[in-house]
Amino acid sequence: MKTLALLAVVVFTISGICAVDRNKFKTCDQSGFCKRLRAFKPEKSQYELNLDSVLVHGNVLSAEVVTRDPADEKRTVLWQYAFKLSALADSTFRVELDEADPLYPRYRTQLALDGEPRPDSLKLTSNDNSKLTLVNKQGHKVVITAKPLKLEFLDQNGEVAVVLNENSQLLVEPLRVRREKTEEDGDGNQVNVEEEGTWGESFQSHHDSKPRGNEAVSLDVGFPEADHVYGIPEHTDGLALKTTTSGDPYRLYNLDVFEYELDSRMAIYGSVPVMYAHGPKRTVGVFWHNSAETWIDVVNYSDSNVVSSIVNLVTGGQKRRVDARFMSESGIVDVFVMMGSTPDEVFKQYITLTGAKPIPPKFSLGYHQCRWNYVDETDVRTVDENFDEYDIPMDVMWLDIEYTNKKMYFTWDPIKFANPSEMVANLTAKGRKLVVIIDPHIKREAGYFLHEDATELGYYVKDKDGKDYEGWCWPGSSSYLDFFNPAATKYYSERYRFENFPGTSKDVHLWNDMNEPSVFNGPEITMPKDCRHYKPTQDGEEGIASFWEHRHVHNEYGLWNLRSTHDGMMDRVDGKYRPFILTRAVFAGTQRYAAIWTGDNSAEWSFLAASIPMCLSLAIAGNSFCGSDVGGFFKYPEAELMTRWYQAGAYQPFFRAHSHIETKRREPWLYPPTTTALLRDANRRRYALLDYWYTLFYEHSVQGLPVIRPLFQQYPNDPETYTIDDEYLLGNALLIKPVTSAGATSINVYLPGNTLWYDADTYMPHTEARITQPVTISKIPVYQRGGSIIPRKERIRRSSTLMADDPYSLVVALDSNNSAEGTLYIDDGETYEYKNNKFIYAKIEYNSKHMTYTFINDNAHYPTKSWLERVVIAGIKTPPKSAKLQQGDKSTPLQMTLHKGNDVLVLRKPGASMGKPWTITFAY
Ligand SMILES: *[C@@H]1O[C@H](CO)[C@@H](O)[C@H](O)[C@H]1NC(C)=O
Ligand SMILES: *[C@@H]1O[C@H](CO)[C@@H](O)[C@H](O)[C@H]1NC(C)=O
Ligand SMILES: *[C@@H]1O[C@H](CO)[C@@H](O)[C@H](O)[C@H]1NC(C)=O
């Protein structure tokens, strides 16, 4: 949901808002450190590594780095830093630079990593008094130039793939003691001559007290031989990032942006500071491990518009190269360099660091029905029943904030939702679930147990003076739980227990919204940066050293919220059932806990189109479980837009319709019957492919590859694919190009890989790379790659749970060698029994002699009741005369039907159990 709409109307009496209010959000110039750092362009880096201090221990090289005053002949040391280079598993390096002896510890981001990264070996191979050369186990070299400091990361062919500080933009602003520096001005007044903004800066009516002064960090990263860079979601820009030579850098700062605009580098709800660089030679990546506000410049050296002496100096006329510069307001320099060298490998390397998404409960891959708000139990029941009445599959009903008793979370409206347990039981009887919203702001109301407990126990985030911070959000005056405090987290997690949240059951799942956090009256609609968070203190740490500022942790606040919710949901079922959580705020690592949606979009064609690159960017940054509000949150989608949105949503990972409280109701049956039929068809297509989705999410959880993939991931050597972001791959077998424009009668589709692609509706093969696809309103352009096999279920029921035991159809799309392969994952869909080997992970292979179904993991079994109902073989040139199924010692001749028009052979009712391996043998 949501935004400031109501508040804007009520408090500011703004009418007819129709676009983002840019004035509410900072430009780089209005953000003190961004302006300061962007202007920082030394001719030569002041950072030098002291070669005498180098120590290699295990996988870590440590050394002293100093800055020297360039203007000073004696080259006096200005500041000392601790430098660390670590070699990590999976072709990854880590570079850390912190002050050697800071005034008090600088913040280190805490939750992004999925545990301590595993070490690899690191060998110092040469130290020639100006340079160090090191090598890891895989043969990637690191060359460290001491003066000025520069780090080059070489690929296995000995070519520089990533270079740090070549543009001299490494910077760690040292923490200082505050001293008032004043001078007399011409009129005899004492004026503060401290650099403007050091000890405080203002934005509109908000003052940030900056008690630690300036503490920014920055680093430039060069990617030789790269054509494009990707990543750093969440923005509304394309998948391939643009150069920022003119205009502002990309911004990462989790914000609740009302009516966000498209094609923008402005910050929105999520911040994942990982960037990938790709060219025909290789793919590499960097993960900037920092949770503070961050701006990122992108410079393109191959773009002839960029001419500067520095550029020529650095590149020596080299053509292909993209550079980036990361600038963060606080923290340390902590950057992971991922050596690739393919898109698959680099995406996995990022997942190795931040964790894969565990396999979600299967129902969550079905269709979700949401609205702000389903107003009472009768409304919920009516909507639920209408899905059956109109024969549209649906798995989850959602409740937005109005279900609560006056916006007090963990309560129900006593009149409108008087019987929540019965309401939930009515849903679960049909295999359906309920999701309810719980936001991190807590209503400051006397008598509300959560507020009273949090006040008494000191669980709220504090303001700059150490009092409970008060902001304005949905409930009115609100405070915010400080999830950094372990006791507050534990307390919060326990609120999810069934006894503490009556009416809920294992079938009630969660939605954590507004967790940027959104604060309607805060600077940029969020929490002031000088608010205080809990910090476990060591001896002697007091005053400013005894807390973290919100500035340090902002982008990971939502992640701490999600982890608490996740822990609570695990605790309430003793770790037996998989939780489903949806979040709006995103940071590195969020994928371990939650699915994501792209926030408050609009019922406009452009927002439908934007949902594809936005989710692709999130997917390559670890968050495959992504979707947009189907139909658009603001405004009303007319029938055609609604139809196209359902058709697109059916092929996006998180498939949920949602709408704003002030929009016209738009459940599928409220449209003309022809439209309702099209929406039904889109949902049915989703359910037919649910087992393919589920298999992909399983494979993501163990292999780390995105579920939805940009074309360049699968076809990295084809430059045509590098900028395509209006079509994508689902796994490696399906290519999707949703129709995202009004009145379309045909669309152009690029079919990569010099391979056959079969129209998923007609099984007609395409051999050309560029096709013009005619589209009627019922057409969803989806193509299956020749060489792939996809599992389907054709008996669509009311919900996914009811389809668990249904039979499978296998769609075999042959390549030019008449072969194909695919995989299938089956388990109970909701528990962790898969960890005890209660699952099936099967490989399905076809060649003209045999088709086999074998278990990849021999130790794992699951007693599925599902059986093989049909095999569809597309692209068959020489049909066999007979086919025979063998399972165990049972052999059965099979019936076949050949469809001559499109060369499709159908094997009818093979009847094999999917719980055991089988073979089909063909005779000619
Ligand atoms: C860099 O410039 C070249 C040449 O203009 C262009 O082909 C490429 O797409 C640009 N890359 C980026 C990241 O802007
Ligand atoms: C549950 O379903 C029954 C039967 O349709 C209905 O009478 C009852 O009102 C429902 N309860 C709630 C709380 O929706
Ligand atoms: C067909 O087989 C040949 C020989 O094994 C192989 O080189 C080629 O890549 C295969 N083609 C496809 C589309 O898999």
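The structure displayed is predicted, hence computed values, not measured ones.

Visitor: What exactly am I supposed to notice about the overall build of the chain here?
Guide: On a plain count of helices and strands, the chain comes out with 15 helices and 56 strands. Its C-alpha atoms give the chain a radius of gyration of 29 Å, near enough to 29 Å, the size a compact globule of 924 residues would have. Once the C-alpha set of the chain is aligned to its principal axes, its extents read approximately 100 × 70 × 50 Å. Taking all 924 residues of the chain together, 62% fall into the buried category. Counting every atom, the chain has about 33,500 Å² of accessible surface; 48% of that belongs to carbon and sulfur.

Visitor: Looking at this structure, how should I read the side chain of aspartate 395?
Guide: Topologically, aspartate 395 is positioned in the loop between helix H5 (377-389) and strand E25 (396-399). The buried charged residue aspartate 395 lacks any salt bridge, with arginine 432 as its nearest oppositely charged partner at 6.5 Å. Sequence-distant contacts of aspartate 395, defined by excluding residues within four places in its chain, comprise Phe363, Gly366, Tyr367, Gly431, Arg432, Lys433, Tyr687, Ser799, Ser800 and Thr801.

Visitor: What exactly am I supposed to notice about the pattern of salt bridges here?
Guide: As a working rule, side chains carrying opposite charge can pair if their charged atoms are close by. Considering all chains together, one arrives at 74 salt bridges under this definition. Residue arginine 38 pairs with aspartate 297 through a salt bridge whose shortest N-O separation is 2.7 Å. With arginine 38 in helix H2 (residues 32-38) and aspartate 297 in strand E21 (residues 294-300), this residue pair connects regions lying 259 residues apart in the sequence. Arginine 38 gets classed as partly exposed once you look at its relative accessible area, which sits at 23%. Connected through salt bridges with shared partners, the residues Asp208, Arg212, Arg251, Glu293, Glu329, Glu524, Lys529, Glu549 and Arg551 form a single ionic network.

Visitor: Would you explain the sheet that holds strand E1 (residues 47-57) in this entry?
Guide: One key point about sheets: their strands pair by backbone hydrogen bonds, in either a parallel or an antiparallel sense. Ordered by their spatial adjacency, 8 strands build an open sheet running E1-E2-E3-E4-E23-E20-E19-E16, and the pairing between neighbours is antiparallel. A strand with exactly one partner marks an edge of an open sheet, and here the two such strands are E1 and strand E16 (228-231). Direction aside, the axes of adjacent strands within the sheet are offset by 20° on average. On the sheet, helix H4 (residues 343-354) packs against strand E3 (77-88), strand E4 (92-99), strand E19 (274-278), strand E20 (283-288) and strand E23 (333-338) and is oriented at approximately 20° with respect to E20.

Visitor: Even after reading the chapter, I still don't get the packing of aromatic side chains, so can you show me in this structure?
Guide: The geometry of an aromatic ring pair comes down to the distance between the two centres and the angle between the two planes. Counted under the stated rule, the structure contains 54 aromatic pairs. Considering the side-chain rings of tryptophan 398 and phenylalanine 580, the 6.1 Å spacing of their centres and the 80° angle between planes classify their relative orientation as edge-to-face. You can see tryptophan 398 sitting in strand E25 and its partner phenylalanine 580 sitting in the loop between helix H10 (557-572) and strand E33 (581-583), a full 182 residues away along the chain. Phenylalanine 580 shares its class with tryptophan 398; the two are buried.

Visitor: It is not clear to me how unusual backbone geometry should be interpreted in this structure. Could you clarify?
Guide: A negative phi angle is the norm for most residues apart from glycine, just as the trans form is the norm for most peptide bonds. That bond from lysine 147 to proline 148 is cis: its omega, -10°, falls within 30 degrees of zero. On the secondary structure map, proline 148 appears in the loop between strand E7 (141-145) and strand E8 (150-154). For the bond from tryptophan 372 to asparagine 373, the omega torsion is 10°, close enough to zero to count as cis. By secondary structure assignment, the location of asparagine 373 is in the loop between strand E24 (367-369) and H5.

Visitor: Would you mind showing me how to read the sheet that holds strand E41 (residues 734-736) here?
Guide: Strand order in the open sheet made by the 6 strands is E39-E40-E41-E46-E43-E44, with antiparallel pairing throughout. Each end of this open sheet is capped by a strand with a single partner; those strands are strand E39 (708-709) and strand E44 (765-766). By the bridge criterion, 3 bridges tie strand E40 (residues 728-730) to E41 in an arrangement that is antiparallel. Its bridge partner lying in E41, tyrosine 728 is registered against isoleucine 736.

Visitor: What is the right way to read helix H13 (residues 673-688) from this model?
Guide: Along an α-helix, a turn takes 3.6 residues, which lines up residues three or four apart on a common side. Taking 1.5 Å of rise per residue, the 16 residues of H13 would be expected to cover 22 Å, and the 22 Å separating its terminal C-alpha atoms lies within 8% of that figure. Within H13 the residues assigned to the buried category are Thr675, Thr676, Leu678, Leu679, Ala682, Asn683, Arg685, Arg686, Tyr687 and Ala688.

Visitor: Whenever I open this one, the site of ligand 3 confuses me. Can you help?
Guide: The environment of ligand 3 is formed by Asp815, Ser816 and Asn817. At 3.4 Å, a side-chain N or O of aspartate 815 approaches an oxygen atom of ligand 3. Bound to the protein, ligand 3 loses 28% of the 360 Å² it would expose on its own.

Visitor: Sorry if this is basic, but what is going on with the packing of helix H8 (residues 486-494) against H10 here?
Guide: Any two packed helices are characterised by the angle at which their axes cross and by the distance between the axes. For the pair H8 and H10, interaxial distance at closest approach is 8 Å and the crossing angle is 50°. In terms of axis orientation, H8 runs oblique to H10. When you trace H8 past H10, the crossing you get is right-handed. Residues Thr489, Tyr492 and Ser493 of H8 lie in contact with H10, whose contacting residues are Asn561, Ser564, Thr565, Asp567 and Gly568.

Visitor: Looking at this structure, I do not really get the confidence of the model for the chain. What am I missing?
Guide: Close reading of the predicted structure is inappropriate where its pLDDT is low. Per-residue confidence for the chain averages 95 on the pLDDT scale, and 95% of its residues sit at or above 70. Note on residues 3-17: pLDDT is under 50 here. Beyond four places in sequence and across chains, it has 24 contacts.

Visitor: Would you take a moment to explain the side chain of lysine 793 for this structure?
Guide: With respect to the secondary-structure elements, lysine 793 resides in the loop between strand E47 (788-792) and strand E48 (808-813). Lysine 793 sits in the buried class, given a relative accessible area of 1%. A polar side-chain atom of lysine 793 sits 3.0 Å from the main-chain carbonyl oxygen of methionine 803. Sequence-distant contacts of lysine 793, that is, excluding residues within four places in its chain, are made with Lys362, Tyr687, Ala688, Asp691, Met803, Ala804, Asp806, Pro807, Tyr808 and Ser866.

Visitor: Looking at this structure, I do not really get the state of the cysteines. What am I missing?
Guide: Linking two cysteines covalently through their sulfur atoms gives a disulfide. Scanning the model with the defined rule gives 2 disulfides in all. Covalently, cysteine 28 is tied to cysteine 34 through a disulfide, its sulfur atoms 2.1 Å apart. Its S-S torsion of about -100° marks the bond between cysteine 28 and cysteine 34 as left-handed, since a negative value means left-handed. Here cysteine 28 falls in the buried class, since its relative accessible area comes to 2%. Exposure remark for cysteine 34: the relative accessible area of 0% places this residue in the buried category. A disulfide bridge connects cysteine 615 with cysteine 626, and the sulfur atoms are separated by 2.1 Å. Looking along the S-S bond of the cysteine 615-cysteine 626 disulfide, the torsion reads about -70°, which is the left-handed sense. Taken together, the residues span a long stretch of sequence, with cysteine 615 in helix H11 (residues 605-620) and cysteine 626 in strand E36 (residues 626-627) at a distance of 11 residues. For cysteine 626, a relative accessible area of 0% translates into the label buried. Each disulfide in the chain links cysteines that, numbered along the sequence, combine into the pattern 1-2, 3-4. Not engaged in a disulfide, the cysteine cysteine 473 finds its nearest cysteine sulfur in cysteine 531; these two sulfurs lie 14 Å apart.

Visitor: Quick question: what am I supposed to make of H11 here?
Guide: Along its 16 residues, H11 runs 24 Å from first to last C-alpha, staying within 8% of the 22 Å computed at 1.5 Å per residue. Within H11, 13 of the 16 residues are buried, which leaves the element mostly enclosed by the surrounding structure.

Visitor: Looking at this structure, how should I read the nonpolar core?
Guide: Inside soluble globular proteins, nonpolar side chains tend to come together where they are buried. Judged by nonpolar contacts, the single largest core of 168 residues is most densely connected at Phe287, Leu399, Leu434 and Leu730. At 10 residues, H11 tops the list of elements feeding residues into this core. Discounting chain neighbours no more than four positions away, the residues touching leucine 399 are Asn373, Tyr374, Val380, Trp412, Phe417, Met423, Leu434, Val435, Val436, Ile437 and Trp511. Within the second largest apolar cluster, 60 residues are counted, among which are Tyr47, Ala161, Trp288 and Phe326.

Criteria and cut-off values
- Residues numbered from 1 in each chain as written.
- Chains lettered and ligands numbered in written order.
- Predicted model: local features only at pLDDT ≥ 70, side-chain atom pairs only at ≥ 80, totals over all residues.
- Heavy atoms only, no water.
- Helix = DSSP H or I, 4+ residues; strand = E, 2+ residues; numbered from the N terminus.
- Rg over C-alpha atoms; globule rule 2.2 N^0.38 Å.
- Buried < 20%, exposed > 50% of the residue type's maximum accessible area, 1.4 Å probe, protein only.
- Areas by Shrake-Rupley, 256 points an atom, 1.4 Å probe, with all protein chains shown as cover.
- Lys, Arg positive; Asp, Glu negative; His and termini not counted.
- Salt bridge = Lys/Arg side-chain N within 4 Å of Asp/Glu carboxyl O.
- Contact = heavy atoms within 4.5 Å.
- Pairing = 2+ DSSP bridges.
- Axes fitted to C-alpha atoms, helices over the stretch in contact; angles between N-to-C directions.
- Phe/Tyr/Trp six-rings, centres within 6.5 Å; stacked < 30°, edge-to-face > 60°.
- Expected span 1.5 Å × (residues − 1).
- Near = heavy atom within 4 Å.
- Polar contact = N/O pair within 3.5 Å; in protein donor to acceptor, adjacent residues only side chain to side chain.
- Parallel < 35°, antiparallel > 145°, perpendicular 65-115°, else oblique.
- Left-handed = near helix turned anticlockwise from the far one by under 90°.
- pLDDT = per-residue confidence, 0-100.
- Disulfide = S-S within 2.5 Å.
- Core = buried A, V, L, I, M, F, W, Y, C linked by side-chain atoms within 4.5 Å.

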